[in-house]
Amino acid sequence: MKAGVVIFPGSNCETDTYDALNYLGFNTEYIWHRDSSLHKVDLVILPGGFSYGDYLRCGAVARFSEIMEEISRFADSGGLVIGICNGFQILLEAGLLPGAMLHNKSLKFICQTVNLRVENNTLPFTNQCGAGEILRIPINHYEGNYFIDDEGLKELEDNSQVVLRYVDENGEATADAAPNGALANIAGLTNKSGNVFGLMPHPERAVEEILGSVDGAKLFLSAKISKEAVS
Amino acid sequence: MSKTTRDVPKYQQLGLTSSEYEAIGRTLGREPEDVELAIYSLMWSEHCGYKHSRSTLKKLPTTKDYVLQGPGENAGVIDIGEGKAIAIKIESHNHPSAVEPFQGAATGVGGIVRDIFAMGARPLASLNSLRFGDPTKPRQKYLFEGVVSGIGSYGNCLGVPTVAGEVYFEDSYEGNCLVNAMTIGILPKSRLITAKAKGIGNLVVLMGSKTGRDGIGGASVLASQEFDETLQEKRPSVQVGDPFTEKLLIEACLELLDKNLLAALGDLGAAGITSSASEMASRGGVGIDIDVSKVPLREPGMSPSEIMISESQERMLAVVEPKMVSEVEAVCNKWGIPATVVGKITETGKMDVYDGKEKVGSMPVISLTDEAPIYDIEPIMPEYIKEVQKMGDVPTFPEDMNATLLKMIGSPNLCSRGWIWRQYDHQVQTNTVVLPGSDSAVLRLKGTKKGLALTVDGNGRYCYLDPFMGTQIAVAEAARNIVATGATPMAVTDCLNFGNPEKSGISWQFRKAIDGMAQACRHFDIPVVSGNVSFYNESFGKAIYPTPTVGMIGLLDDVEKRTTTPFKDAGDLILLIGQMATVDGQSDEEIFSLLGGSEYLKTIHKRIEGLPPELDLDLESRSQDLCLEAIKNGILSSAHDISDGGLVVALLESCLYGDIGAKIELAVEEESFVKIVVELFNEAQSRFIVSLKEKDLGEFGEISKEVGADFMVIGKVGGDRLIINDKIDVSIKEMKKPWEEAIDSLVE
């Protein structure tokens, strides 16, 4: 399966993501933000980082990159897209996912490993996870406090678009379990058709035993297996 | 200010003395022009010229077969095999941070990272060593929070993980906090480049941000003077960081080097174009022309002097063959980085400054660098030394040892640093395999079996009491922290923070510290490959504790053998490598003196006195050899060095990080309360707490015989309490909260 990792000026997790995907057996390529083609990949990943320094709202500049038009078309035609952290923020800004990010409630940057509950394991990004399985994956952000209006939240919940929720060690989605204050403890979600996935945690940091967790690998491998099942 | 600036001659406003001003006149054979005066004032400032430290620093050992680049370049570089090399450097940003903590600390990170990629290395990880005053005071809180946030915001944006560090709170840093930033980078040996200008006729290319009025006089006004009531007036001398541009600059420079397009590369730090251009020319033994009218400006109307000395951040200077210039421009353009030809390499041996066609300054390069004045201030032992080294009377120790331990573990110097490192991205680049909180951070080296251990250590209080011994201990403790992970120490980078070097007492502290460092580094055979001196750390005439900080890097041949601080498995034996501190037959006074300079004496009895622990370098080596060999043989479950807070704090930390208890039986023969308190809390050197499986005890004993090191079995891992004889009995769960939340409760 061919995956493409998009590089924006200021991306800084592109190499980690590239290395993780190759480690998991993907055939991976970089895609430059000024490219006009997606190099015929099966999966597009927008990696973490600080595109354009996050000097405006996170992702607000990167969404205007030339490559984003192509990514929108790819997503509209059912192509698999994952946005990680800053990549998630770009997808929100681009309107490919609903809602917005606020500053963490602590007004501090947070880097730590969190517990995430898989809320929907029927997606191409989670089919290798058990229902309600708890994943241990690091987060690393200043703006991960997800927000959407009541109507939007109802729609997300009704359509099972919430994919990952911050939970405590007992698997409960308590208010304290969301370190950034995210609404309804939302850590990751998809679009209505389930082919565009945004998440604040960094699965590429949890694909090898030596890094302390391999739970992130399940998300990437789900995409791989779902694609291989189709073809 | 008491005098109006009109009353003071210009050279003095710029920080030059009258004899220095006369020396400039002699060198030029005439009165200096404005541009020249500005340039000399910076190049001859303490910060750029090292005029009070150059002669003393020569005592440090700097060479070894694997040292590819020692001191004198942007960073030191060591060969780690398999065609790879590591660049390493630490640098202070104390005064900017004291004036504006967020930007001061942020640009400190930016500066040290530029030093690393200036050598052709990709920045791999950062560390920092911080000192503040009492954190319960509002201004100290503001400085502490601002500095941590500034370091995080810059490093996180760059994608360079901040993996380790240290912070201490002592009153002596109240008027002058310390912010020492360290970075390492990795490079293929073939990409190594230096800031040595070469090739007459080659062009000088300025890359990166436009030049503005920010940071003018940073090196002279800010870094080379003491603080007084004009502190806030110095705010305009602090630069402002732009990590996004720096990130693009890293990518652009590394791509330029991969394509072999540059002849030399240097970063623009203190004194901006002035120091970068003159030092590059000096190293290459060539002359250099700079045309200030070519420099892209952020604001109109800047004078040639301002352009030459601006410390605007995120800029690099490269020497490029004329035929390569268009390719250099193309790479920079891809990354959105301006690149402009601003000068050329000449055979004149002079730095000639032009404003368009008009020559506005002309100075022999060597007069700016090697011929900067050197001062040898007579060292005199300061009065305070005799006074503070005396131990007062033996106090009444608090009876409740559990309460004492609780107070210690929740104190600012001993509590968990989680509040800090959660604000740093410590995992980006997916190399960090031992996270912050162990003795050293460990990085794996992708594509090899190897690992790197990194630490930074200093103890200002010890150095205040005895700068020679304190500095030796800083080196020994850094090496112990490296060894505790299973790595072999390879190189040191040092940041030497002291008061005003024009004072004989500071001169004494500085020389003693360097003597201590030189002797310890020679003993351990660890070269000092780079470093930085920061003088004038005084406010209102009062100096900080002399604070040499030691950054150290170690190499693990097999990263899978790395060992960490936490106890792992119930039933593991707990061993003390090294000896008990007390011996039989000592008087209470003699026993009590072993607490000199300790965290216990400061936290519990509010006393800062005595002599720091003794360090026997041979004994230290043997203890380290035992720990390292045992780790290499794969028999240790955990290893942790004993330092601040003594044996009991080391034990408790291994319990807290491991979420498991321990039962300890110390063989204190006589039942003396003084003795048990001292055994628990003294900070005797050359010791580790390690744990292992009972079946491996025999093998451990064999190694100890081979290396000639002492050890004793003192207990077992297990349960959920730390129990020591009948003196300590605490629940790990109950200790965890005050330890973890101490900083939160201090700053929130």
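In this text the structure is predicted, and so the values were computed from the model without any measurement.

**Brief notes about the overall build of chain A**
Item 1. Across its full length, chain A carries 5 helices and 11 strands.
Item 2. Since a compact globule built from 231 residues should have a radius of gyration of about 17 Å, the 16 Å found for chain A is in line with a globular shape.
Item 3. Projected onto its principal axes, the C-alpha coordinates of chain A cover approximately 45 × 40 × 35 Å.
Item 4. When the 231 residues of chain A are sorted by exposure, 61% land in the buried category.
Item 5. Taking the intrachain contacts of chain A between residues at least 6 apart in sequence as the baseline, contacts between residues at least 24 apart amount to 74%.
Item 6. With an accessible surface of roughly 8800 Å², chain A has 49% of that area assigned to carbon and sulfur atoms.
Item 7. The centroid of the 17 positive side-chain charges in chain A is displaced by 2 Å from the centroid of its 30 negative side-chain charges.

**Considerations on the packing of aromatic side chains**
Item 1. Applying the stated criterion across every chain, the model contains 23 aromatic pairs over all chains.
Item 2. Aromatic pair A:Tyr55 and B:Phe244: ring centres 6.2 Å apart, planes at 85 degrees, arrangement edge-to-face. Remark: B:Phe244 occurs in helix α10 (residues 243-258) and A:Tyr55 occurs in the loop between β3 (43-46) and α2 (66-76); the pair is interchain, linking two chains.
Item 3. The buried category is assigned to B:Phe244, whose relative accessible area is 11%.

**With respect to unusual backbone geometry**
All names here are of chain A.
Item 1. Even without glycine at this site, alanine 184 takes up a positive phi of about 55 degrees.
Item 2. Among the secondary structure elements, alanine 184 is positioned in the loop between β9 (162-167) and β10 (186-190).
Item 3. Judged by relative accessible area, which is 28%, alanine 184 ranks as partly exposed.
Item 4. Phi at asparagine 185 is positive, roughly 60 degrees, even though this residue is not glycine.
Item 5. The residue asparagine 185 is located in the loop between β9 and β10 in this model.

**Comments concerning the pairing of β10(A)**
All names here are of chain A.
Item 1. Most of β10 is tucked away: 5 of the 5 residues are buried.
Item 2. Sheet analysis places β9 next to β10, joined by 3 bridges and oriented antiparallel. Across the sheet, the residue bridging to arginine 165 is isoleucine 186, located in β10.
Item 3. Counting the residues that bridge the hairpin from β10 to strand β11 (residues 196-199) gives 5 residues, and of these glycine 194 lies at a positive phi of roughly 75 degrees.

Parameters and conventions
- Residues numbered from 1 in each chain as written.
- Chains lettered and ligands numbered in written order.
- Predicted model: local features only at pLDDT ≥ 70, side-chain atom pairs only at ≥ 80, totals over all residues.
- Heavy atoms only, no water.
- Helix = DSSP H or I, 4+ residues; strand = E, 2+ residues; numbered from the N terminus.
- Rg over C-alpha atoms; globule rule 2.2 N^0.38 Å.
- Buried < 20%, exposed > 50% of the residue type's maximum accessible area, 1.4 Å probe, protein only.
- Contact = heavy atoms within 4.5 Å.
- Areas by Shrake-Rupley, 256 points an atom, 1.4 Å probe, with all protein chains shown as cover.
- Lys, Arg positive; Asp, Glu negative; His and termini not counted.
- Charge placed at Lys NZ, Arg CZ, Asp CG, Glu CD.
- Phe/Tyr/Trp six-rings, centres within 6.5 Å; stacked < 30°, edge-to-face > 60°.
- Pairing = 2+ DSSP bridges.

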